[in-house]
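# Structure at a glance
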Amino acid sequence: MMNGTDPALAHFSGLLRETVDAGNTSRLKGFLSGRELPALGGDQEPSDIVRRAILEAEEPSVLAPRLAVLLASIVSEETKSLSAGTLLDARRRDLLLNVLHVAMDLPAEELFVALRGLHETIDSTDLEIPLWQALAYQQVDSSLEEEWFSILSPSENGSWTPTRRTLLLTAWRGLLWIPPDPEIQEAGEIIDFDRIELGLVALHHSVEGHEEATALLETALSILTETYPRSAEFWRRHLQPQAPKWPSQLQEILAARWPTESAEIAVDENAWASELVRLNELFVRLTSEAAELSRQIEQTRNLPLEDPLAETQRRLRQIEDFTRQMDRLRQGEVDALIRSVRKAG
Amino acid sequence: MRLFDRDRDGHPWEKAFEEMRRPDPGRRWAVTANWAMDHRVSTDRETGDLQASGHFEGVADVEDWWAARGLYFREEICRPASGASDRETSAYRRPTNSSNLILARVAGFDEFVHVSSLNALLRWISRRETAADVEISLRSLVGRGLPVKAPGFVTPDWFDQQTFELARALSVSGEDAVREAAGLLADATGEGEPPWWATFSEEIRTALDSEDAARICAALGLGHRTPGEWLIVWRYPVREVLPLYRPTAVEANDSPYHFPSPPEQPFGITMPLDPSFAACREVLHRPLRGAAARERCTGKLLYIEDFSTISDNEALLALRAGHRERLRREFGETGLEAWLDRHPDPR
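Not measured: the values here are computed from a predicted model. (Residues numbered from 1 in each chain as written. Chains lettered and ligands numbered in written order. Predicted model: local features only at pLDDT ≥ 70, side-chain atom pairs only at ≥ 80, totals over all residues. Heavy atoms only, no water.)

### A short note on the nonpolar core
- Judged by nonpolar contacts, the single largest core of 195 residues is most densely connected at Trp-148, Trp-172 and Leu-224 of chain A together with Trp-35, Trp-65 and Trp-234 of chain B.
- The element best represented in this core is helix H4 (residues 60–83) of chain A, accounting for 10 residues.
- Residues in contact with Leu-224 of chain A, not counting those within four places in the same chain, are Trp-172, Leu-176, Ile-196, Trp-235, Leu-239 and Trp-258 of chain A. (Core = buried A, V, L, I, M, F, W, Y, C linked by side-chain atoms within 4.5 Å. Buried < 20%, exposed > 50% of the residue type's maximum accessible area, 1.4 Å probe, protein only. Helix = DSSP H or I, 4+ residues; strand = E, 2+ residues; numbered from the N terminus. Contact = heavy atoms within 4.5 Å.)

The following block contains the structure:
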């Protein structure tokens, strides 16, 4: 066996680069339909193999945007064909799925217009989530804002399914991925807090009353902070002033996530203080137990020879009991305490 | 031409298979070689399922065939184990494949092992309707969700990088957390998940006990796994996943690391990546779900590093030649030799 790149994948990566260099959309379409792909195993879809091939290229960051241009052509071709009444059969649906999966991994700019066109033409539940996911990451302007708000708002039929929940989080991401207008960005503003506020409130209205509501809203806040890495103080400063207008459940979730500064410090101090007291108590107890064990061992060593065997056995059992107790203390309390101190810190 | 170990001169796929008589850079020759020799695909399945599916219509060359094979897998194998009709049931469970239903009375208390990739599972789920529920559950479990793309251009390896962080968080949280995650991921893969491949755990007990991911991959013939992936391992009694099916080259999809089991053998036979490992019996069955998917996970995530798969055609030819010898040593009857002689590997 040899280390290094899989030569079958490396070969295909070369074919991919050739295809992109030549602007050959037909061949790229073939790849995404399963043609000319290497035998890699693992039940990977064509989009997975193309993605891996991009990574194998000499300069993936150069190849990827050029691939996006070709992909946009394919999307436009397929949209035109579907508009003309061509059937969305298994082969075409499979191709579009793979196109959308690749689109998610490519830089925005080239694909957005083409994907919007597909969105306006197609009506397929199989492609709904991948299409929204691809659109979320390919946005170059705010033209989809209304669509995202529409999805975030309570559904007409009140459906509450895994699909609905996935669409909600996709729409939330879509909202967050709307790039700022260039003039606003030049002024140093990246995040649109009005949009975030409206989105959170709409999301709350959609999920309130459902068992997963709190978890879903907490997840939305996590997605917000992962999309825009900022300090806790930043989020408090920008979101808390508006929070009193929000539904109470949303306010509570926000407050739990980013408690006000004084409360946060007080909680931390109390957490630390009580943990330190427990730690001290535990050390005192362990020290005392160790001293007792030491005494027992000494006593056993100094047993007069005429002590009956039963007494010796009894003392040994006592020593074993103490040892087990100390083990339990160590494994149970100390480990729990360490976890608790880490969490507080 | 031989297809499924049957004389098929003049078959529509003859040109496609002829093109694969010599090893190609894409290693597809190994897959067509398997399809040519795999006696386990019955005439009933060939005509009543593969041809009847329509995916192979109009195949003129190897590219047509290769694309059709992949589409057949995604459309016909990636279906529920028990659908509302035969057409809606995974093809391996349809009546046309009944010749591969394992009728041997395997002891229900015997134990299988199934090994999956956390990376592959997460990628599968992130594209599906269950993504949000998994996201929420993972965050509740370990404070991290599904891998998520950050704004701005990133190279396509962001997913695996974030999977690494998630796997570490799960591992640090302990075996119960890993089991909990295994259960929710298994449930979230949905009805389009292909069947699980499993082997009897006792046959690779030493490799399993080592918890060395690379060693486990080599022992089980998982040549498609790559360094940087995380393995999840399930061990479970046979009785929990009945009925069992013998795998064929069709379910093996595009894997060049599969080799058909000899005629008269009731099980599949693995092709380990290293001659020091013995082959194992392998089966197909429906994926574990629910409490079983959680409880039967070993609770360990095993990171693949220092793993070298079979990297080129020369090595793959040598692997297959070595496997033929292994089959001769283990099974050594006349029928086997005649079968192997009918299907020499390309030179």
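### Description of the pattern of salt bridges
- Taken as a whole and judged by the stated rule, the model has 59 salt bridges over all chains.
- Among the salt bridges present, the one from Asp-64 of chain B reaches Arg-35 of chain A, with a minimum N-O distance of 2.5 Å. Residue Asp-64 of chain B is found in helix H4 (residues 62–77), and its partner Arg-35 of chain A is found in the loop between helix H2 (25–32) and helix H3 (46–56); the two belong to separate chains.
- Judged by its relative accessible area of 26%, Arg-35 of chain A is partly exposed.
- Close ionic contact of Glu-63 of chain B with Arg-28 of chain B constitutes a salt bridge, the shortest N to O distance being 2.9 Å. Placement of the pair is Glu-63 of chain B in helix H4 and Arg-28 of chain B in helix H2 (residues 28–37), with a sequence separation of 35 residues. Side by side, Glu-63 of chain B and Arg-28 of chain B carry an identical accessibility label, which is buried.
- Through salt bridges with shared partners, a single ionic network connects Arg-45, Asp-49, Glu-76, Arg-79, Arg-87, Arg-94 and Glu-251 of chain B. (Salt bridge = Lys/Arg side-chain N within 4 Å of Asp/Glu carboxyl O.)

### Some thoughts on the interface of chain A and chain B
- Listed by partner, the interface residues are 58 residues for chain A and 57 residues for chain B.
- In total, chain A and chain B occlude about 4,800 Å² of area from one another, counting both sides; carbon and sulfur atoms represent 54% of this.
- One can count 10 salt bridges joining chain A with chain B.
- Of the charged contacts, one joins Glu-75 of chain B and Arg-93 of chain A as a salt bridge, the two residues approaching to 3.2 Å between their closest N and O atoms.
- For the side of chain A that touches chain B, the residue count by class is 27 nonpolar, 16 polar and 15 charged. (Buried area = accessible area lost by both parts, 1.4 Å probe. Nonpolar A, V, L, I, M, F, W, Y, C, P; charged D, E, K, R; others polar.)

### Some details on the packing of helix H12 (residues 213–227) of chain A against helix H14 (residues 248–257) of chain A
Residues and elements named next belong to chain A.
- One way to put it is that H12 packs onto H14 with a least axis distance of 10 Å and a crossing angle of 50°. With respect to H14, the axis of H12 lies oblique. In terms of crossing hand, the pair formed by H12 and H14 is right-handed. Of the residues in H14, those in contact with Ala-213, Thr-214, Leu-217, Glu-218, Leu-221, Ser-222 and Thr-225 of H12 are Gln-249, Leu-250, Ile-253, Leu-254 and Arg-257.
- Of the residues that constitute the contact of H12 with H14, the class distribution is six nonpolar, four polar and two charged. (Axes fitted to C-alpha atoms, helices over the stretch in contact; angles between N-to-C directions. Parallel < 35°, antiparallel > 145°, perpendicular 65-115°, else oblique. Left-handed = near helix turned anticlockwise from the far one by under 90°.)

### Description of helix H11 (residues 193–207) of chain A
Residue and element names in this part refer to chain A.
- With 15 residues, H11 ought to run about 21 Å at 1.5 Å a step, and its terminal C-alpha atoms sit 21 Å apart, in line with that.
- Burial analysis of H11 places 11 of its 15 residues in the buried class, which makes it a mostly covered element.
- The set of residues buried in H11 consists of Phe-193, Arg-195, Ile-196, Glu-197, Gly-199, Leu-200, Ala-202, Leu-203, His-204, Ser-206 and Val-207.
- The inward-facing, buried residues of H11 contact helix H8 (145–152), helix H9 (162–176), H12, helix H13 (232–239) and H14.
- Measuring from the side-chain oxygen of the N-cap residue of H11 to the backbone nitrogen of Asp-194 gives 3.1 Å; that N-cap residue is Asp-192. (Expected span 1.5 Å × (residues − 1). Polar contact = N/O pair within 3.5 Å; in protein donor to acceptor, adjacent residues only side chain to side chain.)

### Section: helix H1 (residues 7–21) of chain A
Residue and element names in this part refer to chain A.
- Taking 1.5 Å of rise per residue, 15 residues should cover 21 Å, and H1 covers 21 Å from first to last C-alpha, within 8% of that figure.
- Considered for burial, the residues of H1 that qualify are Ala-8, Leu-9, Phe-12, Ser-13, Gly-14, Leu-15, Leu-16, Thr-19 and Val-20.
- As for H1, its buried residues are in contact with H2, H3 and H4.
- At the N-terminal end of H1, a side-chain oxygen is found 2.9 Å from the backbone nitrogen of Ala-8, two or three residues along, and the residue is Asp-6.

### As for the pairing of strand S3 (residues 111–117) of chain B
Residues and elements named next belong to chain B.
- Within S3, six of the seven residues are buried, which leaves the element mostly enclosed by the surrounding structure.
- Examined bridge by bridge, S3 and strand S5 (residues 230–237) share seven bridges and lie antiparallel to one another. By the bridge assignment for S5, Glu-111 is matched with Pro-237.
- As defined by bridge partners, S3 adjoins strand S4 (residues 196–200) across two bridges and the pair is classed as antiparallel. Note that in S4 the partner of Phe-112 across the bridge is Phe-200. (Pairing = 2+ DSSP bridges.)

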